[in-house]
Amino acid sequence: MLKNYNPTKKNLFKKELKIARFLINNGKKESALKGLKNFRNQFLSNGKLEITKSGYEFDVENIIKSLSEAPIEKIDLIRKLYKNRNFNDVLSEAKNLLNCYPESFNLISIIGATYIIINDFHKALKTFQKLTYFYPFSFKGYFDLALTYENLGEASASIKNYNNVIALNSTYFDSYLNLGEIFLRQKKYKEAIEIYSKAIILKPDSPLIFYKMGKAYLNSLDVKNAKSNFGKAIEIDSNFYEALGELGILNYQDGDKKKAFGQIKKIIKLNINSESYLLRFGKEILSKHNFNDGIIIFKEVINIKPNSIFGHLFLGRYLYELGEFEQAINSFKIALKLDCNNEIAINNLSFLLLNYNKHGKIDEFISKKDDFNERPPIGYLTAKSIDQFSR
């Protein structure tokens, strides 16, 4: 539960800090730590986080954090185990050391991060709740807590804690990014646009944030602003494939085929997650019945990337629509060689063979193991019609 801080006069903080520093300088760290904790705890109660303009509460907490920390050389050894992914050893060593340093910020953070890595989000949640209890002004603690709630599917709690991060550190970019992503998933596009607008002020050279902003506008049916933001992402990074893909599809919808084809071909050349955009682009062409366009672009796709399954599948479908059945069959055969269990290729190929080839050709085809890695399941052959491909 997040704590509530009731602001007091800054001279009280200054006085307490002065006393603590005097005790530390005179070797009385335990007395300084006890005094600072008592002072801080006077102003903590359940509720909403508030921060004084003076910011001295951060100074108080940083000294508490420093005095409560485990030896750095031992922390470094545990971090080395973490880096080497020895997570059982990390938890064992960190927990043992935590017995001696129960409020060590680094130890608690490492334990929580390890639980996230091994997908034990409930234990991670308890760990980060402890961290924010000990250090109620640590924005990093609330960020990790928000991330844990997000992994647990608790959006409202996650949003609350991302807002706590922003309240404590308004320049922490990742909080805006993650918060906007939650709003996108909730289809709260106005809220997503507002939060991304703030993030752009922090990082105007980030292609990712312009891409996210573009997605928010696109989902809210504002195509003009969507294209503008995807374009800005590409201006910053000409190889930002997500923005290239979205802009390519939008340009095709607007009738700018030259730009669209150029952007899609560039994604294929980058060879990064290209199949997902080919699927969307191919369906867009199919929905408009622009089969000749499809043949032109997907032949070029195959020239660039011969092992593109969707390249061969869509080429086969466009050829079928134009009555070029033998060429369509060849395209589906190639797709099946690339993925012997591809249901779309099996259904389309069997449909064409059964309807447009001579009697007996289907038996000849499925008996040739050289045509694919293994024999396709017979049950697939007449299970679905060619219309599946357009869904």
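Details of the structure are given in the entry above.
We now turn to the structure provided with this report. (Residues numbered from 1 in each chain as written. Predicted model: local features only at pLDDT ≥ 70, side-chain atom pairs only at ≥ 80, totals over all residues. Heavy atoms only, no water.)

**Things to note about helix α4 (residues 72-83)**
Working step 1: Compared with an ideal rise of 1.5 Å per residue, which puts 12 residues at 16 Å, α4 spans 16 Å between its outermost C-alpha atoms and is within 8% of the ideal.
Working step 2: Following α4 by one or two positions, Arg 85 has its phi on the positive side, about 65 degrees. (Helix = DSSP H or I, 4+ residues; strand = E, 2+ residues; numbered from the N terminus. Expected span 1.5 Å × (residues − 1).)

**Notes on the packing of helix α18 (residues 309-321) against helix α19 (residues 325-338)**
Working step 1: In the contact formed by α18 and α19, the axes pass within 8 Å of each other and the chain directions differ by 160 degrees. What the angle tells us is that α18 and α19 run roughly antiparallel. Helix-helix and strand crossings are classified by hand; for α18 and α19 the assignment is left-handed. Two secondary-structure elements touch here, α18 through Ile 309, His 312, Leu 313, Leu 315, Gly 316, Arg 317, Leu 319 and Tyr 320 and α19 through Phe 325, Gln 327, Ala 328, Ser 331, Phe 332, Ile 334, Ala 335 and Leu 338. (Axes fitted to C-alpha atoms, helices over the stretch in contact; angles between N-to-C directions. Parallel < 35°, antiparallel > 145°, perpendicular 65-115°, else oblique. Left-handed = near helix turned anticlockwise from the far one by under 90°. Contact = heavy atoms within 4.5 Å.)

**Points about the packing of aromatic side chains**
Working step 1: Evaluation of the coordinates by the stated rule reveals 18 aromatic pairs.
Working step 2: Ring geometry for Phe 105 and Tyr 135: centres 5.6 Å apart, planes at 75 degrees, overall edge-to-face. With Phe 105 in helix α6 (residues 105-117) and Tyr 135 in the loop between α7 (121-134) and α8 (139-151), this residue pair connects regions lying 30 residues apart in the sequence. Accessibility classification places Phe 105 together with Tyr 135 in one group, the buried group.
Working step 3: Taken together, a centroid distance of 5.7 Å and an interplanar angle of 55 degrees make the contact between Phe 298 and Tyr 318 tilted. Placement of Phe 298 in helix α17 (residues 291-304) and of Tyr 318 in helix α18 is noted, with a sequence separation of 20 residues between them. As far as the burial class goes, Phe 298 and Tyr 318 line up, both buried.
Working step 4: Linked through ring pairs, Phe 291, Phe 298, Phe 310, Phe 314 and Tyr 318 together constitute an aromatic cluster. (Phe/Tyr/Trp six-rings, centres within 6.5 Å; stacked < 30°, edge-to-face > 60°. Buried < 20%, exposed > 50% of the residue type's maximum accessible area, 1.4 Å probe, protein only.)

**Describing unusual backbone geometry**
Working step 1: Non-glycine residue Lys 187 carries a positive phi angle of around 65 degrees.
Working step 2: Here Lys 187 shows up in the loop between α10 (173-185) and α11 (189-202).
Working step 3: Among the residues examined, Lys 187 registers a relative accessible area of 61% and is labelled exposed.
Working step 4: For His 289, which is not glycine, the phi torsion reads 60 degrees and is therefore positive.
Working step 5: By the secondary structure assignment, His 289 is in the loop between α16 (274-287) and α17.
Working step 6: The exposure class assigned to His 289 is exposed, which follows from its relative accessible area of 57%.

**Some thoughts on the pattern of salt bridges**
Working step 1: Enumeration according to the criterion identifies 12 salt bridges in this entry.
Working step 2: The shortest N-O distance in the salt bridge between Arg 79 and Asp 76 comes to 3.7 Å. Of this pair, Arg 79 and Asp 76 are both found in helix α4, three residues apart, which corresponds to roughly one turn of the helix.
Working step 3: We classify Asp 76 as partly exposed; its relative accessible area is 41%. (Salt bridge = Lys/Arg side-chain N within 4 Å of Asp/Glu carboxyl O.)

**What to know about α19**
Working step 1: End to end, α19 covers 20 Å across 14 residues, agreeing with the expected 20 Å (1.5 Å per residue, within 8%).
Working step 2: Taken as a whole, α19 has its buried residues at Ala 328, Ile 329, Ser 331, Phe 332, Ala 335 and Leu 336. Along α19, the residues classed as buried sweep out an arc of 160 degrees about the axis, all on the same side. (Arc of directions from axis to C-beta.)

**What about the packing of helix α12 (residues 207-219) against helix α14 (residues 241-253)?**
Working step 1: Two elements in contact, α12 and α14, have axes separated by 10 Å at closest approach and are oriented at 35 degrees. Note that α12 runs across α14; the crossing there is left-handed. In this structure, α12 contributes Tyr 211, Lys 215 and Leu 218 to the contact, and α14 contributes Glu 242, Ala 243, Glu 246 and Leu 250.
Working step 2: The residue inventory of the contact of α12 with α14, partitioned by class, reads four nonpolar, no polar and three charged. (Nonpolar A, V, L, I, M, F, W, Y, C, P; charged D, E, K, R; others polar.)

**With respect to the environment of Leu 278**
Working step 1: Position of Leu 278 among the secondary structure elements: in helix α16.
Working step 2: When the C-alpha atoms of Leu 278 and Gly 245 are compared, they prove to be 8.7 Å apart, with 33 residues separating the residues in sequence.
Working step 3: Contacts of Leu 278, omitting those with residues within four sequence positions, involve Ile 264, Ile 268, Phe 298, Val 301, Ser 308, Phe 310, Gly 311 and Phe 314.

**Description of the nonpolar core**
Working step 1: Counting 76 residues, the largest nonpolar core has Tyr 196, Ile 209, Phe 230, Phe 281, Phe 298 and Tyr 318 as its most contacted members.
Working step 2: Other than its neighbours up to four places away in sequence, Ile 209 contacts Phe 173, Leu 177, Tyr 196, Ala 199, Ile 200 and Lys 203.
Working step 3: Counting residues in each nonpolar core, the second largest holds 35 residues, with Ala 70, Leu 97, Ile 108 and Ile 116 among its members. (Core = buried A, V, L, I, M, F, W, Y, C linked by side-chain atoms within 4.5 Å.)

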